[in-house]
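If you want the building blocks of each chain, they are given just below.
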Amino acid sequence: MAMVAGFRARLTGGKPNSLGEVPQVVEEVVEDPQLLSELYDCLFSEDQWVRMRAGDALEKVCRVHPDWFIPYLPKLLGEVAEINQASVKWHLAQMFGEIDLTDSQRARAVLILTTNLEDPNVDWIVAANCMETLTQFAKEGTVSVESVRPLIEAQLHHRSNAVKKRATKLLLQLPADHDA
């Protein structure tokens, strides 16, 4: 377990908005997949900056090797989704868009993303990433446009102009409704 402490120590400190050693940690995990579990454990650090940087590092590893995260899906859809920190939520939303989900896993991911978007105080980056992933699912045909459209339309009233702008763009990307 020495490496967990090593990752935690390397992901702490510095400026709060800095990624610090995230690029080096990502490179090490990509080179040695056995380190993935040690990085994952950093999501549960007492230090919010370690959690933020661990989420960022995991999402970057996931972009390269989404298949590595399939064994972690029960935890991502469970205990990680329960972490009430915006930076963890937005990285998790991004990861859901990368990993090949089963229908039941996707349904759980959609519930998580929907719950985030239904929060009237949702962080702007969380909102943007949840909308992006839901739009991706709708474009792939794995989630109905009819269920996604109202969630994105609701974000047209978000306090952040960036979210309103992103919602407008994503609504234009949604496939046409299939009314019978």
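Residues numbered from 1 in each chain as written. Predicted model: local features only at pLDDT ≥ 70, side-chain atom pairs only at ≥ 80, totals over all residues. Heavy atoms only, no water.

Peer 1: How should I be thinking about the overall build of the protein in this particular structure?
Peer 2: Scanning the protein from N- to C-terminus turns up ten helices and zero strands. Taken from the N to the C terminus, the helices and strands of the protein come in the order α-α-α-α-α-α-α-α-α-α. A compact globule built from 180 residues should have a C-alpha radius of gyration of about 16 Å, and the protein, at 17 Å, falls within 12% of that. For the protein, the C-alpha atoms occupy an extent of roughly 60 × 35 × 25 Å along the three principal directions. Looking at the protein as a whole, 47% of its 180 residues are labelled buried. About 9,200 Å² of surface is accessible on the protein, with carbon and sulfur atoms providing 53% of the total. (Helix = DSSP H or I, 4+ residues; strand = E, 2+ residues; numbered from the N terminus. Rg over C-alpha atoms; globule rule 2.2 N^0.38 Å. Buried < 20%, exposed > 50% of the residue type's maximum accessible area, 1.4 Å probe, protein only. Areas by Shrake-Rupley, 256 points an atom, 1.4 Å probe, with all protein chains shown as cover.)

Peer 1: Explanation requested: the nonpolar core in the structure shown.
Peer 2: When a protein is soluble and globular, its nonpolar side chains tend to lie buried together. Among the nonpolar cores identified, the biggest contains 58 residues, and Val29, Leu39, Phe69, Leu76 and Phe96 are the most heavily contacted of them. The leading source of residues in this core is helix H8 (residues 124-140), at seven residues. If sequence neighbours within four positions are ignored, Leu39 has contacts with Phe7, Leu11, Val25, Val29, Ala54, Ala57 and Leu58. (Core = buried A, V, L, I, M, F, W, Y, C linked by side-chain atoms within 4.5 Å. Contact = heavy atoms within 4.5 Å.)

Peer 1: Quick question: what am I supposed to make of the packing of aromatic side chains here?
Peer 2: Geometry of an aromatic ring pair is reported as the spacing of the ring centres plus the angle between the planes. Across all of its chains, the model carries three aromatic pairs by this definition. Aromatic side chains Tyr40 and Tyr72 sit 5.2 Å apart centroid to centroid with 50° between the ring planes, which places their arrangement in the tilted category. Separated by 32 residues along the polypeptide, Tyr40 in helix H3 (residues 36-41) and Tyr72 in the loop between helix H4 (48-64) and helix H5 (73-80) bring together distant segments of the chain. Residue Tyr40 shares its accessibility class with Tyr72, and that shared class is buried. Members of the aromatic cluster, connected to one another through ring pairs, are Tyr40, Phe44, Phe69 and Tyr72. Of note, Arg106 hangs over the ring of Phe137, and the distance from its end group to the ring centre comes to 5.9 Å. (Phe/Tyr/Trp six-rings, centres within 6.5 Å; stacked < 30°, edge-to-face > 60°. Lys NZ or Arg CZ within 6 Å of the ring centre and 35° of its normal.)

Peer 1: Whenever I open this one, the pattern of salt bridges confuses me. Can you help?
Peer 2: Oppositely charged side chains can pair when the atoms bearing their charge come close. Evaluated as defined, the whole model comprises seven salt bridges. Between Arg10 and Glu28 there is a salt bridge, with its nearest N and O atoms 2.7 Å apart. Of this pair, Arg10 sits in helix H1 (residues 2-11) while Glu28 sits in helix H2 (residues 22-31); the two residues are 18 residues apart in sequence, bridging distant segments of the chain. Looking at Arg10, the relative accessible area reads 21%, which means it is partly exposed. Where Glu59 meets Arg63, a salt bridge forms, and the shortest distance between an N and an O atom there is 2.7 Å. Of this pair, Glu59 and Arg63 both sit in helix H4, separated by four residues, roughly a single helical turn. Of the residues examined, Arg63 reaches a relative accessible area of 48% and is grouped as partly exposed. Three or more residues joined by partner-sharing salt bridges are found here, namely Arg10, Glu21 and Glu28. (Salt bridge = Lys/Arg side-chain N within 4 Å of Asp/Glu carboxyl O.)

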